[in-house]
Amino acid sequence: RRDTKYADLYKSNVAKLKSVLNKVRQEPVAAAKSETLARLDGAIDAHARQFAVVVSQIQELGLDEKVGLQGKLRTAVHAVETKLKEANLDGLTVKMLMMRRHEKDFMLRGAEKYISRVAKRQAEFLEMLPAAPLSDSAKAEIIGLLDVYVTAFNAFAKLSVENGAAIKELSNIYKIVTPAVEELVAFGEQGAENALADMDATQRSMEILMMIGAAVSFAVFVVAGAVVAMSITRPMKAVTKATETLAEGDWNIQIPALENKDEIGAVARALQVFKENLIKTKDLEEAQRQEQVRQVERAQKLATITTTFDETVSEVLGVVSSASTELQATATSMRGTAETTTRQSSSVAAACEQTAANVHTVATATEELTAS
């Protein structure tokens, strides 16, 4: 298609391919095909260099009819045809058109016979030119323009032939690439088959191992479960029995599993604390009961003492009351006598003073009895 974007795509794919080859070389299994990888790598480099030559040649030939040698041919032939048209030289124009036909045939078919035919038509053109009704200068100009055209065509033809050979060389180089790639693909497929076979064998072995492992795991699980269950149920039964015994009022029982580091040990230790608190509560209640008994006995003793005291005081108060009555009567009588004997006071003053002292003594005794 004469489009340089494909040349860029080619370079991009060569870079990707080289990267893949480098990754393949790093695989340990690729050491068995190191020679093939080296041959393939060299072929890829040679192909890339040859492709660059082909691209350069195509660009020199011209990517279209307006550039490169194609553009030069087009300009040159148009100049000759313009001169011939101006002079109305139909015979020479026919020869020129025949050269253009050979040019296009060569471009389409690439056959070298068209190169010689262009040269033959050029010779015929030059034989007819002297008879043309043109000035020598015009003839010389046409000869010069025709020479430019033929020279450009010969250069184009030569480069085209070289380009064809260069393109064939690309195919020759690729003939090295193809078997190398096929060899690597076959090696990879065989490796994949071997890997699949190994994987199947490994999978079967793993399945057997998994079955054995599952059986062993199940057995271990059962044994471990039994051991764990026994290690849990036995202490739990002992702790439960101890709890029931405590609930029945027997606080002298020893709490089991106190040294355990698991949850059962925590429960046992909590039960031990509960037991100790019960014992402390019992001791406290007993002490309180004894204290209440002592208080009751003391109250009874106080009540007895109080009753006896009340009776004694009542008796004493009765005696004191009788004595006071009698004393009052005596005092009244004495006061009357005193009045009667006032006139005789001087004689009985000593006796009155003595009586007053006695009265004072009795009054003091009465106050003491009352206080008692």
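The rules behind these values
Residues numbered from 1 in each chain as written. Predicted model: local features only at pLDDT ≥ 70, side-chain atom pairs only at ≥ 80, totals over all residues. Heavy atoms only, no water. Helix = DSSP H or I, 4+ residues; strand = E, 2+ residues; numbered from the N terminus. Contact = heavy atoms within 4.5 Å. Axes fitted to C-alpha atoms, helices over the stretch in contact; angles between N-to-C directions. Parallel < 35°, antiparallel > 145°, perpendicular 65-115°, else oblique. Nonpolar A, V, L, I, M, F, W, Y, C, P; charged D, E, K, R; others polar. Left-handed = near helix turned anticlockwise from the far one by under 90°. Buried < 20%, exposed > 50% of the residue type's maximum accessible area, 1.4 Å probe, protein only. Core = buried A, V, L, I, M, F, W, Y, C linked by side-chain atoms within 4.5 Å. Expected span 1.5 Å × (residues − 1). Arc of directions from axis to C-beta. Salt bridge = Lys/Arg side-chain N within 4 Å of Asp/Glu carboxyl O.

Student: Quick question: what am I supposed to make of the side chain of Thr 245 here?
Tutor: When you line up the elements, Thr 245 lands in helix α6 (residues 136-248). If we skip the residues at most four places from it in the chain, Thr 245 touches Asp 250 and Ile 253.

Student: Got a minute to help me understand the packing of helix α1 (residues 4-26) against helix α2 (residues 34-61) in this structure?
Tutor: Packed helices, taken two at a time, are described by their axes: the angle between them and the distance between them. Their axes nearest at 11 Å, the elements α1 and α2 cross at an angle of 170 degrees. With respect to α2, the element α1 is oriented roughly antiparallel. On α2, the residues touching Thr 4, Ala 7, Tyr 10, Val 14, Leu 17, Lys 18, Leu 21, Val 24 and Arg 25 of α1 are Leu 37, Leu 40, Asp 41, Ile 44, Asp 45, His 47, Ala 48, Phe 51, Val 55 and Gln 59. For the contact of α1 with α2, the per-class residue count stands at 12 nonpolar, 3 polar and 4 charged.

Student: I would appreciate a short explanation of the packing of helix α3 (residues 68-87) against helix α4 (residues 90-109) in the present structure.
Tutor: Relative to each other, α3 and α4 sit at 165 degrees, their axes nearing to 10 Å. Looking at the two axes, α3 sits roughly antiparallel to α4. Between α3 and α4 lies a crossing whose hand is left-handed. Counting all contacts with α3, which are made through Gln 70, Leu 73, Val 77, Val 80, Glu 81 and Leu 84, the residues of α4 involved are Leu 92, Thr 93, Met 96, Leu 97, Arg 100, Glu 103 and Met 107. Among the residues forming the contact of α3 with α4, the class breakdown is 8 nonpolar, 2 polar and 3 charged.

Student: Help me out: how do you make sense of the side chain of Gln 122 in this one?
Tutor: Relative to the elements of secondary structure, Gln 122 occurs in helix α5 (residues 113-128). Classification of Gln 122 as buried rests on a relative accessible area of 17%.

Student: Can you help me understand unusual backbone geometry in this one?
Tutor: Residues other than glycine predominantly adopt negative phi, and peptide bonds predominantly adopt the trans conformation. One non-glycine residue, Arg 2, adopts positive backbone phi at about 55 degrees. Even without glycine at this site, Asn 88 takes up a positive phi of about 55 degrees. In this fold, Asn 88 is placed in the loop between α3 and α4.

Student: Sorry if this is basic, but what is going on with the nonpolar core here?
Tutor: Taken as a class, soluble globular proteins show a tendency for nonpolar side chains to be buried jointly. With 27 residues, the main nonpolar core has Leu 84, Leu 92, Met 96, Met 99, Phe 125, Leu 146 and Tyr 149 as its most contacted residues. Of all elements in the fold, only α3, α4, α5 and α6 reach the threshold of two or more residues within this core. Top element by residues in this core is α6. It accounts for 9 residues. Non-local contacts of Leu 146, meaning those with residues more than four positions away in its chain, are made with Val 80, Met 96, Met 99, Gln 122, Phe 125 and Leu 126. In this structure, Ala 7, Tyr 10, Leu 40 and Phe 51 belong to the second largest nonpolar core, which totals 18 residues.

Student: I'm lost on α5 in this one. Help?
Tutor: The α-helix advances 3.6 residues per turn, and as a result positions three or four apart in sequence lie on the same side. End to end, α5 covers 23 Å across 16 residues, agreeing with the expected 22 Å (1.5 Å per residue, within 8%). When α5 is considered as a whole, its buried residues turn out to be Tyr 114, Val 118, Arg 121, Gln 122, Glu 124 and Phe 125. Summarising the axial view, the buried residues of α5 lie within an arc of 165 degrees, below the 170-degree limit, and thus occupy one face. Away from its buried face, by an angle of more than 90 degrees, α5 presents the exposed residues Lys 120 and Glu 127.

Student: Could you clarify how one ought to interpret α3 in this entry?
Tutor: The terminal C-alpha atoms of α3 lie 30 Å apart, and with 20 residues this matches the ideal 28 Å at 1.5 Å per residue to within 8%. Residues Leu 69, Gln 70, Gly 71, Leu 73, Ala 76, Val 77, Val 80 and Leu 84 constitute the buried set of α3. One or two residues past the end of α3 sits Asn 88, with phi positive at roughly 55 degrees.

Student: Where do I start with the pattern of salt bridges in this structure?
Tutor: Here the idea is simple: oppositely charged side chains can pair when their charged atoms come close. In this structure the tally under the stated criterion is 15 salt bridges. Close ionic contact of Glu 103 with Arg 100 constitutes a salt bridge, the shortest N to O distance being 3.1 Å. Taken together, the positions of Glu 103 and Arg 100, both in helix α4 and 3 residues apart, correspond to about one turn of that helix. According to the relative accessible area criterion, Glu 103 is buried, its value standing at 2%. Residue Arg 289 pairs with Glu 286 through a salt bridge whose shortest N-O separation is 2.5 Å.

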